[in-house]
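In case you want the letters, here they are:
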Amino acid sequence: MDGVIPFELGIPLRIFGSAVSAENGAPLYEIATCSVEPGVVQTDADFPIVVQYGVEALAQADTVVVPASHELGAVYTEGVLTAPLRAAFAAIRPGTRVVSICTGSYLLAAAGLLDGRPATTHWTSADHFQRLFPQVRVDPDVLYVDDGDVLTSAGVASGIDLCLHIVRRDCGTAVANSVSRRTVVPPHREGGQAQYIRRPLPEPQLASTERARSWALDRLDQPLTLRELAERESMSVRTFTRRFREEVGMSAGRWLIQQRVELARQLLESTDLSVDLIARKAGFGTGASMRQHLQVTLGVSPTAYRRTFQPSGRA
């Protein structure tokens, strides 16, 4: 749409376009950029772009990504789609995965795709979004929401997190990590992490929790306590807990679980180790504990997850 933000428009191309097969380097996604009408589209910057494809491309898509625009018009003020936008959404095949970046969620909501579903948007727009679309279960505090075939992200860079999450879901951890290295971004930020951390970096005179995190990552197979982590930074548990949340956006306990789930995913995808052994290596202790955490986090059992990436892998 006119008013599209170039940074966010470029995210899908950069992330999905960097996903290639480890075996032969073949692209894993085919990407097409389309507009309601092909031709010149004004951005919110001082340059326009030329879009080759129209809405006919939507009928061929397996995933449709809607970036943010600063010219949403009636979508933003009244919560309704214009006739051309209605025609565009009508072209999308049933069952197609639909994704929004930042305020692109307004279009998904106006199209009725978010009715009764959890979603997010940029934190500065969350209150307005909820008033305009009361039928949507808005979570203003997360980076992105994966609700299966409809996914929404918060502002700007969280679109990178969501697209990486999709690559991870589609192609596995190894491919997603390769994409993150190519694009020089963190390989994984949990969707439930806070959008807006008031002090994302510690003040210069204050100590960081980075050493404790690095130390913990090397010992995920071992029981780790808050006291041990705090001692690595010579802090009290109370101070460490507060500082950790300020820097990372979540509690140390939740962060540890997230890292252990990530390690378990990598081992399930890339090795034939038994579930019980992976559980021990990832610090869950028992297969039952790991199953519980993966079910909560991913919605599947370790065996089902492994079959997705290793169809012939052992359970």
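One structure accompanies this document, and this report is about it. (Residues numbered from 1 in each chain as written. Predicted model: local features only at pLDDT ≥ 70, side-chain atom pairs only at ≥ 80, totals over all residues. Heavy atoms only, no water.)

1. Description of the overall build of the protein
Applied cut-off: Secondary structure counts use DSSP, requiring at least four H or I residues in a row for a helix and at least two E residues in a row for a strand, with both numbered from the N terminus. Here the radius of gyration uses the C-alpha set of atoms, whereas the globule reference equals 2.2 Å times the residue count to the power 0.38. Relative accessible area decides the class of each residue, using a 1.4 Å probe on protein chains only: under 20% of the type maximum gives buried, over 50% gives exposed, and in between gives partly exposed. All accessible-area figures derive from a Shrake-Rupley calculation using a 1.4 Å probe, and residue coverage is judged against the displayed protein chains alone.
When helices and strands are counted, the protein shows 14 helices and eight strands. Its C-alpha radius of gyration of 21 Å places the protein within 12% of the 20 Å reference for a compact globule of 315 residues. Viewed in the frame of its principal axes, the protein has a C-alpha envelope of about 60 × 50 × 35 Å. Looking at the protein residue by residue over its 315 residues, the buried ones come to 43%. By element, 52% of the accessible surface of the protein is carried by carbon and sulfur atoms, the whole surface being about 15,900 Å².

2. Regarding the packing of aromatic side chains
Any aromatic ring pair is given by two values, namely how distant the centres are and how the planes are angled relative to each other. What counts is decided by this rule: Pairing of aromatic side chains here covers Phe, Tyr and the six-membered ring of Trp, requires ring centres within 6.5 Å, and sorts the geometry by plane angle: under 30 degrees stacked, over 60 edge-to-face, intermediate tilted.
Counting across every chain of the model gives seven aromatic pairs. A ring pair is formed by F16 and Y29, whose centres lie 4.9 Å apart and whose planes are at 55°; its orientation type is tilted. Within this pair, whereas F16 is found in helix α1 (residues 6–17), its partner Y29 is found in the loop between α1 and β1 (39–42), the two being separated by 13 residues in sequence. Arranged with centres 5.7 Å apart and planes meeting at 70°, the rings of F244 and W255 form a pair that is edge-to-face.

3. So, the environment of V36
Note the following rule: Contacts are residue-level and defined by heavy atoms, with any inter-residue pair within 4.5 Å sufficient.
With respect to the helices and strands, V36 occurs in the loop between α1 and β1. With a relative accessible area of 31%, V36 lands in the partly exposed category. Considered as a pair, V36 and D2 are 34 residues apart in the sequence and their alpha carbons are 9.8 Å apart. Beyond its immediate stretch of four places on either side in the chain, V36 contacts V55, P84 and L85.

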